[in-house]
Amino acid sequence: MRERRPVKKFMTEQMELLAANPFTYKINPCRISYTLEFKKLFLARYETGEGAREIFQSLGYDTELLGDGRICSFAYRLSRQADAGEVFTEAHPATKQDKPVCVDYNTMPAQQSVAAMQREISHLRQQLDFLKKLTELDSGKRSRT
C-alpha cells in the first residue's frame with residue numbers, strides 16, 4: 001500500500017485569492033471544490049486534448065498555488081467520474097450525499113436519473129446477496145430432524 005503524502009494547506013491569503021475566482025465553489029485550508037460549470041468546461045476542453053494545467057490557467061487559477069498534484073488528481077477523478085457515467089455535483093467527491101427517501105426519477109434529468117437508478121440497483125443487489133448469505137447461515141445452523 002502506498003504512503004499518503006501530507007496535503008499542502010492553503011494560507012488565509014491564498015484561500016482568499018482562490019475564493020475570488022468565480023469557478024471556486026468552496027475552499028478550506030486542505031481542500032478546494034469547483035463549480036459545476038467549471039467541471040463541465042474543464043472536461044469538454046480536457047477531452048479535446050488540452051492540458052489540465054493550461055485549462056486551469058485559462059480559467060483564472062494560479063497553477064503554482066494549486067500545485068501539479070491537485071490539478072492532476074482533479075483531472076483524473078473528473079475523467080473517471082465521466083467514464084463511469086456519474087453525475088457531477090459541486091460538492092467534493094468525498095462528501096457523502098444524503099439520499100432522499102422517496103425518489104421520483106421522472107423529475108430528474110435523464111442522465112442523472114439513469115445514474116441514480118444504477119446506484120440504487122447496485123445497492124439493492126448488495127442487500128439481496130447479504131440476505132441470501134444470512135438465510136444460508138441460518139438454515140445451516142438448524143438441525144434437520
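A. Molecular detail of the pattern of salt bridges. Per the counting criterion, the structure on display carries 3 salt bridges. A salt bridge links Arg45 to Glu50; the nearest nitrogen and oxygen atoms lie 2.8 Å apart. When its relative accessible area of 28% is taken as the criterion, Glu50 is described as partly exposed. Where Asp68 meets Arg53, a salt bridge forms, and the shortest distance between an N and an O atom there is 2.3 Å. With Asp68 in helix α5 (residues 68-83) and Arg53 in helix α3 (residues 52-58), the pair connects residues that are 15 residues apart, well separated along the chain. On the accessibility criterion, Asp68 (47% relative accessible area) is partly exposed. For Arg53, a relative accessible area of 23% gives the class partly exposed. If you follow the salt bridges from partner to partner, you end up with Arg53, Glu64 and Asp68 in one network.

B. Spatial organisation of the packing of aromatic side chains. According to the stated counting rule, one finds 14 aromatic pairs in the structure shown. Between Phe42 and Tyr46, the ring centres sit 5.4 Å apart and the planes meet at 20 degrees, which makes this aromatic pair stacked. Of this pair, Phe42 and Tyr46 both sit in helix α2 (residues 36-47), 4 residues apart, which is roughly one turn of the helix. Look at Tyr46 and you get partly exposed, because its relative accessible area is 31%. On the basis of an interplanar angle of 80 degrees and a centroid distance of 5.5 Å, the ring pair of Phe56 and Phe74 is categorised as edge-to-face. With a gap of 18 residues between them, Phe56 in helix α3 and Phe74 in helix α5 connect regions that are remote in the sequence. Since its relative accessible area comes to 0%, Phe56 is described here as buried. By relative accessible area, Phe74 is classed as buried at 5%.

Rules behind the numbers
- Residues numbered from 1 in each chain as written.
- Predicted model: local features only at pLDDT ≥ 70, side-chain atom pairs only at ≥ 80, totals over all residues.
- Heavy atoms only, no water.
- Salt bridge = Lys/Arg side-chain N within 4 Å of Asp/Glu carboxyl O.
- Buried < 20%, exposed > 50% of the residue type's maximum accessible area, 1.4 Å probe, protein only.
- Helix = DSSP H or I, 4+ residues; strand = E, 2+ residues; numbered from the N terminus.
- Phe/Tyr/Trp six-rings, centres within 6.5 Å; stacked < 30°, edge-to-face > 60°.

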